[in-house]
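Fold and geometry: a report
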Amino acid sequence: MRSSLLALLFLLTCFSLSAQSYTYYPTGDTTDVLTTTLPGTCMMGGASEHDNAMIWFLQRSGGGNILVIRASGSDGYNDYLYSDLGVDVQSVETIVFNNESAAEDPFVLDRISKAEAIWMAGGDQWNYVDYWRDSPVGQLLQQHVSQKQAPIGGTSAGMAVLGGAYFSAQNGTITSASALSNPYASTLTIGFQDFLDLPFLTHTITDTHYDDPDRKGRHMAFLARMASDHGVLSRGIACDEYTAVCIDENGVARVFGEYPTYDDNAYFLQANCEGPITPETCESGVPLTWDRSQAAVKVYHVQGDWEGSKYLDLNDWNTGMGGFWEHWWVQNGALSESPAEAPDCASFLSESHTSDLSRWIEYDPQFQSVHLFYPSSSFIVRDHLGRAVLSSRSPTTSLDSLPTGIYHIEIRTSQGPIGSFRIGVS
């Protein structure tokens, strides 16, 4: 009888564990505290974390509650973040999402809402998109950034979902060779402005593990798809393994690595604003051609050091220190690279950057007013942190009420956003 009861208890325990939608690992004092946080985004290329970049990330929490979210693995970050890096924090908690129902669990949502810093671990990014997009978790992650003004970051799959566009891996991964030979392959699945909207990353798609295996070709295909499908000046940020890009509240993206001891690189890609920003050939079943006189994409290549002293300013995607410029282009599915000069985007920054956008909207810098040409369109003005500060459907809208600064104007139709451009208000 006793053995039967023990067997029953064992089965009930196993059923309870298997039915649990999440697994929770706490370290430290999980009592909620209120600290002064600083916004920022920390992105790691995979493999081991860069200690100094993680210190940067933790310090922005103000010593509060750190939360790691993931869909596989366990508590490998807890001791590392809580004690190994020498930054005093209240607690480190890890929540492993065992299935999508955890995205609506009250305890999970409570811990996310109380975190002063949120880190997304590696894994399968489709799980993150599938579980968190259009869920209470996705809403809380956006509030964490936009309202709480607190840091967020991720590595590998966690980095992959931080851009305004992202490779979802819904149908599995894709190699550079496959992406370049067919930019509309079934495994090249891209989400666009339907998940997270982080400062300075609105039209940016990230990629990771850039050195193992080679990712450059598929990243070019991602950007080509964004430019072709949405008419935006597409951008990308990529990291080698053991390398990090950390973006502060002012839009300065610092690169952490261990160069010259190790060859740790980050790359900032942008469609070349000096000419047409769309590929010559981007079609289903046809090799990609994005040549534009062998200057299709401008790339700022940075070899990251321990202090993160090298950077690119994402306010203009032009001003940097410690890196060097390259041209990347694709001809009939083959990627090429060459040295280049910094882009000259002066005309782009004050005017609509495609003829398609100019049919919808015009910015008059003299009178600092925006003119919409179609009643079905609208626009949103975002500040340097990516926050919406003004929206309008009126034929003419004055921007006189905005403080002096740099802003992005995003044009929308009933089908969603169709492009954006950058202006300066004085």
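That block above? That's the structure.
Here is a short report on the structure shown in this document. (Residues numbered from 1 in each chain as written. Predicted model: local features only at pLDDT ≥ 70, side-chain atom pairs only at ≥ 80, totals over all residues. Heavy atoms only, no water.)

Section: the overall build of the protein chain
For the protein chain, the count of helices and strands is 11 helices and 25 strands. For 426 residues, the compact-globule formula gives about 22 Å, and the C-alpha radius of gyration of the protein chain, at 22 Å, lands near that figure. Here the C-alpha coordinates of the protein chain stretch approximately 85 × 50 × 40 Å along the principal axes. For the protein chain, with 426 residues in total, the buried portion stands at 56%. Expressed as a percentage of contacts within the protein chain between residues at least 6 apart in sequence, the contacts between residues at least 24 apart total 71%. Accessible surface for the protein chain amounts to roughly 17,300 Å². Of this, 49% is attributable to carbon and sulfur atoms. Charged side chains in the protein chain number 22 positive and 50 negative. The centres of these two groups are separated by 5 Å. (Helix = DSSP H or I, 4+ residues; strand = E, 2+ residues; numbered from the N terminus. Rg over C-alpha atoms; globule rule 2.2 N^0.38 Å. Buried < 20%, exposed > 50% of the residue type's maximum accessible area, 1.4 Å probe, protein only. Contact = heavy atoms within 4.5 Å. Areas by Shrake-Rupley, 256 points an atom, 1.4 Å probe, with all protein chains shown as cover. Lys, Arg positive; Asp, Glu negative; His and termini not counted. Charge placed at Lys NZ, Arg CZ, Asp CG, Glu CD.)

Comments concerning the environment of Val255
Considering the arrangement of structural elements, one finds Val255 in strand 12 (residues 252-256). Through-space distance from the C-alpha of Val255 to that of Gly308 is 5.0 Å; in sequence the pair is 53 residues apart. Not counting residues within four places of it along the chain, the set of residues in contact with Val255 comprises Thr243, Ala244, Val245, Ala266, Phe268, Val302, Gly304, Asp305, Gly308 and Lys310.

As for the environment of Pro213
Note that Pro213 resides in the loop between strand 9 (204-207) and helix 9 (216-230). On a C-alpha basis, the gap between Pro213 and Thr175 in space is 8.5 Å, while along the polypeptide they are 38 residues apart.

Quick notes on the packing of helix 4 (residues 106-113) against helix 6 (residues 136-146)
Helix packing for two helices is described by the angle between their axes and how far apart those axes are. In contact at an axis separation of 10 Å, helix 4 and helix 6 are set at 10 degrees when each is read in the N-to-C sense. As judged from the angle between their axes, helix 4 and helix 6 are roughly parallel. Between helix 4 and helix 6, the residues in contact are Leu109, Ile112 and Ser113 and Pro136, Val137, Leu140 and Leu141, respectively. Its residues placed into classes, the contact of helix 4 with helix 6 shows six nonpolar, one polar and no charged. (Axes fitted to C-alpha atoms, helices over the stretch in contact; angles between N-to-C directions. Parallel < 35°, antiparallel > 145°, perpendicular 65-115°, else oblique. Nonpolar A, V, L, I, M, F, W, Y, C, P; charged D, E, K, R; others polar.)

A word on helix 9
Under the 1.5 Å per step criterion, the end-to-end length of helix 9 is 21 Å for 15 residues, consistent within 8% with the ideal 21 Å. Burial analysis of helix 9 places 12 of its 15 residues in the buried class, the great majority of the element. Here helix 9 has its buried residues at Lys216, Gly217, Arg218, His219, Met220, Ala221, Phe222, Leu223, Ala224, Arg225, Met226 and Ala227. Immediately beyond the C-terminal end of helix 9, within one or two residues, lies Gly231, with a positive phi of roughly 65 degrees. (Expected span 1.5 Å × (residues − 1).)

What to know about the pairing of strand 2 (residues 41-44)
Of the two faces of strand 2, both are covered, the one formed by Thr41 and Met43 as well as the one formed by Cys42 and Met44. As paired strands, strand 2 and strand 6 (residues 152-155) are joined by four bridges and run parallel to one another. Counterpart to Met44 in the pairing with strand 6 is Thr155. As paired elements, strand 2 and strand 11 (residues 244-247) share four bridges and run antiparallel to each other. The partner of Met43 across the bridge, within strand 11, is Val245. (Pairing = 2+ DSSP bridges.)

Quick notes on the sheet that holds strand 3 (residues 65-70)
With mixed pairing, the 10 strands of this open sheet are ordered in space as 1-4-3-5-6-2-11-12-15-16. Looking at strand neighbours, the two that pair on one side only are strand 1 (22-28) and strand 16 (320-321), the edges of this open sheet. Here helix 5 (residues 125-132) sits on the sheet and contacts strand 3, strand 4 (91-97) and strand 5 (117-120); the angle it forms with strand 3, its principal contact strand, is near 105 degrees.

Some words on the pairing of strand 9
Looking along a regular strand, one sees side chains alternate from face to face of the sheet. Side chains Thr204 and Thr206 of strand 9 all project onto a buried face; the interleaved residues Ile205 and Asp207 project onto the opposite face, where all are buried too. Note that the unit made of strand 9, helix 9 and strand 10 (residues 235-239) has a crossover that is right-handed. (Right-handed = clockwise from strand over helix to strand, strands pointing away.)

Describing the environment of Tyr407
The topology assignment puts Tyr407 in strand 24 (residues 405-413). A relative accessible area of 6% means that Tyr407 is categorised as buried. Separated by 14 residues in sequence, Tyr407 and Phe421 have C-alpha atoms that sit 8.6 Å apart. In contact with Tyr407, not counting residues within four places along its chain, are Val381, Arg382, Asp383, Val389, Leu402, Phe421, Arg422, Ile423 and Val425. At 2.7 Å, the side chain of Tyr407 forms a polar contact with the backbone oxygen of Pro403. (Polar contact = N/O pair within 3.5 Å; in protein donor to acceptor, adjacent residues only side chain to side chain.)

Some remarks on the packing of aromatic side chains
Evaluation of the coordinates by the stated rule reveals 12 aromatic pairs. Ring geometry for Phe97 against Trp132: centres 5.2 Å apart, planes inclined by 70 degrees, an arrangement best described as edge-to-face. Of this pair, Phe97 sits in strand 4 while Trp132 sits in helix 5, and the two are 35 residues apart along the sequence. Measuring from ring centre to ring centre gives 5.1 Å for Tyr210 and Tyr267, while their planes differ by 40 degrees; the resulting arrangement is tilted. (Phe/Tyr/Trp six-rings, centres within 6.5 Å; stacked < 30°, edge-to-face > 60°.)

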